[in-house]
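Coordinates in review
What follows is each chain in one-letter form.
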Amino acid sequence: MGPWGKRDDILVHRCEPFNAEPPRHALARHTLTGTESFYSRNHGPVPRVDAEAWRLRVDGLVDRPLTLSLNELRERFEERELVATVQCAGNRRAGLLEVRDIPGEDPWGPGATSTARWTGVRLADVLAAAGVRSGARHVAFAAPDVSRLVDPPQPFGGSVPLAKAISGEVLLAWGMNGRPLPEAHGAPLRVIVPGWIGARSVKWLEHVTAQAEPSDNYFQAVAYRVLPPDADPDRTAPGTGISLGPVAVNCAILAPDGGTPLPPGPTEITGYAYAGEDRTVARLDVSLDGGRTWAQAELDAPPSPWTWQHWRLTVDLPAGETVVTARAWDSTGATQPETPAAVWNPKGYANNSWDRIRLRTTGPGPDAR
Ligand SMILES: Nc1nc2c(c(=O)[nH]1)N[C@H]1C(S)=C(S)[C@@H](COP(=O)(O)O)O[C@H]1N2
Ligand SMILES: [Mo]
């Protein structure tokens, strides 16, 4: 087994903090990602949380501040289940790195996207019990893990607007795929903000605050923001750039993965497509000629409104080398930009450009005599 209970062939970007993603083939054809395959993204060491002593504090602009043990959370609020995809804003950064270097950030492939069944309670129910006061516009989440990748070191946190926080879909989760939440995924309790960048799904949650402004935590106010290409990310003031929230439509080719030559002829191409927030993927196009002509893949219905959708198309793979290109369209008609250069930004977030994979066939190529 790999570190933190992960599969042996998990691709480890860093051991400390632990950052790892499954290989493409591990995600292919699976609507739910097994916990051993689910990517893990951390900014600091996984904190040791004593679940017995742990309490969730809910305060700020509320009428009745709450302090809740895990048992109290379970007893006071109705248990909910939700299948939701979590996608890191750094997903597919490797494509941006081919355009220009991004110092200090890991070269994530398309595996920083995974889908699990989450169990917990609605944040909306907990906030209703606390009685959010008028004047609150955002709900902030704070965690105890401290990132030493930032100078000076910063604890992890973030916030979402009140409207998202009180939508039914945001969960405070203690369960993942029918088991207690593993340590590396935020035990005893984490937020799941479906349809938003993974960074808002704060792990090891200890503190929920209703407030007038977004969180001033480093990972909300400084990181996870799209800066103009020429900005210096180490010298930007808090609040600069575009704060990332809902995820833009994206896709990846998962199999074949280009690793080994294939026989020419009928070949099934398969992958995921994902449109954040309440959008769905409406169409997935595949091209064998770099985007001059496209064929439409068969697209699965999402298992919940908050998940990726898998797709497949059998193509006639010519002998030699072929670049397969995929692009998705969402239910609002938005599609993906053609190149990573078009979306390059200094921290390397939100690469949703067309996915491409180079396939080679076994045997003689078309030029062979
Ligand atoms: N406390 C805390 N929460 C966190 C993080 C973190 O480093 N610390 N990383 C965030 C980021 S950037 C992502 S993409 C998701 C990853 O969740 P996972 O490790 O369960 O896949 O957790 C988010 N929540
Ligand atoms: Mo992330």
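Please refer to the structure placed before this passage.
The notes below deal with the structure included here. Just so it is clear, the structure is predicted and the values come from calculations on it, not from any experiment. Each chain carries its own residue numbering, running from 1 in the written order of its sequence. Naming scheme: in the order in which they are written, chains are lettered from A and ligands are numbered from 1. Local features are withheld for residues below a pLDDT of 70 in this predicted model, meaning they are given only at 70 or higher, and side-chain atom pairs are given and counted only at 80 or more; totals for whole chains, interfaces and linings count all residues. Each side-chain value is derived from all of the structure's non-hydrogen atoms; neither hydrogens nor water enter the calculation.

1. Observations regarding the site of ligand 1
Any residue with a heavy atom positioned within 4 Å of a molecule or strand is treated as near that molecule or strand. Near ligand 1 you find 19 residues, and of these His43, Asp145, His185, Arg190 and Lys203 are the closest. Side-chain polar atom of aspartate 145 to a nitrogen atom of ligand 1: 2.7 Å apart, as the coordinates give it. Think of a 1 Å grid over just the protein atoms. A cavity is a set of points where a 1.4 Å probe fits yet cannot get out, a pocket is an open set with protein on both sides within 12 Å along at least five of seven lines, and lining residues have an atom within 4 Å of a point. Any molecule with more than half of its atoms within 2 Å of a cavity's or pocket's grid points is regarded as sitting in that cavity or pocket. Under a 2 Å grid-point criterion requiring more than half of the atoms, the pocket assigned to ligand 1 is the largest cavity. Counting from the N terminus, the helices are the DSSP runs of H or I reaching at least four residues and the strands are the DSSP runs of E reaching at least two. Taken together, the elements giving at least two residues each to the shell around ligand 1 come down to β3 (40–41) and β8 (138–147). Its residues assigned to classes, the shell around ligand 1 shows 9 nonpolar, 6 polar and 4 charged. Within 3.5 Å is the distance limit for a polar contact, defined as a pair of N or O atoms, with the added protein rule that one can donate a hydrogen and the other accept it, and that residues adjacent in sequence qualify only through two side-chain atoms. Basically, the charged four are Asp, Glu, Lys and Arg, the nonpolar ten are Ala, Val, Leu, Ile, Met, Phe, Trp, Tyr, Cys and Pro, and anything else, Gly included, counts as polar.

2. What to know about the sheet that holds strand β2 (residues 19–21)
Reading across the sheet, the 3 strands line up as β1-β2-β3 and stay open at both edges, with antiparallel pairing between neighbours. Sheet topology places β1 (11–14) and β3 at the edges, where each strand pairs with a single neighbour. Sheet topology places β1 next to β2; 3 bridges connect them, and they run antiparallel. Note that in β2 the partner of leucine 11 across the bridge is glutamate 21. By definition, two strands form a pair when at least two bridges between them are found by DSSP.

3. Let's talk about the packing of aromatic side chains
Under the pairing criterion, centres of Phe, Tyr and Trp rings, with the six-membered ring standing for Trp, must be within 6.5 Å; the plane angle then separates stacked pairs below 30 degrees from edge-to-face pairs above 60, leaving the rest tilted. Throughout the structure, instances matching the rule amount to 9 aromatic pairs. Here the aromatic rings of tryptophan 4 and phenylalanine 18 are separated by 6.5 Å at their centres, their planes lie at 40°, and the arrangement is tilted. Residue tryptophan 4 is found in the segment before β1, and its partner phenylalanine 18 is found in the loop between β1 and β2; the two are separated by 14 residues along the sequence. Relative accessibility decides the category of a residue: with a 1.4 Å probe and only protein chains considered, values under 20% of the type maximum give buried, values over 50% give exposed, and everything between is partly exposed. Note on tryptophan 4: relative accessible area 41%, which makes it partly exposed. Residue phenylalanine 18 is classed as buried on the basis of its relative accessible area of 3%. The interplanar angle of 90° and the centroid separation of 5.0 Å between the aromatic rings of tryptophan 294 and tryptophan 354 together place this pair among those described as edge-to-face. With tryptophan 294 in the loop between β18 (281–287) and β19 (295–296) and tryptophan 354 in the loop between β22 (321–330) and β23 (355–360), this residue pair connects regions lying 60 residues apart in the sequence. Chaining the aromatic ring pairs together yields one cluster made of Phe38, Tyr39, Trp108 and Trp118. The ring of tryptophan 294 carries the charged tip of arginine 327 above its face, separated from the ring centre by 3.8 Å. Either the NZ atom of lysine or the CZ atom of arginine qualifies as a charge over a ring when it sits within 6 Å of the ring centre and within 35 degrees of the ring normal.

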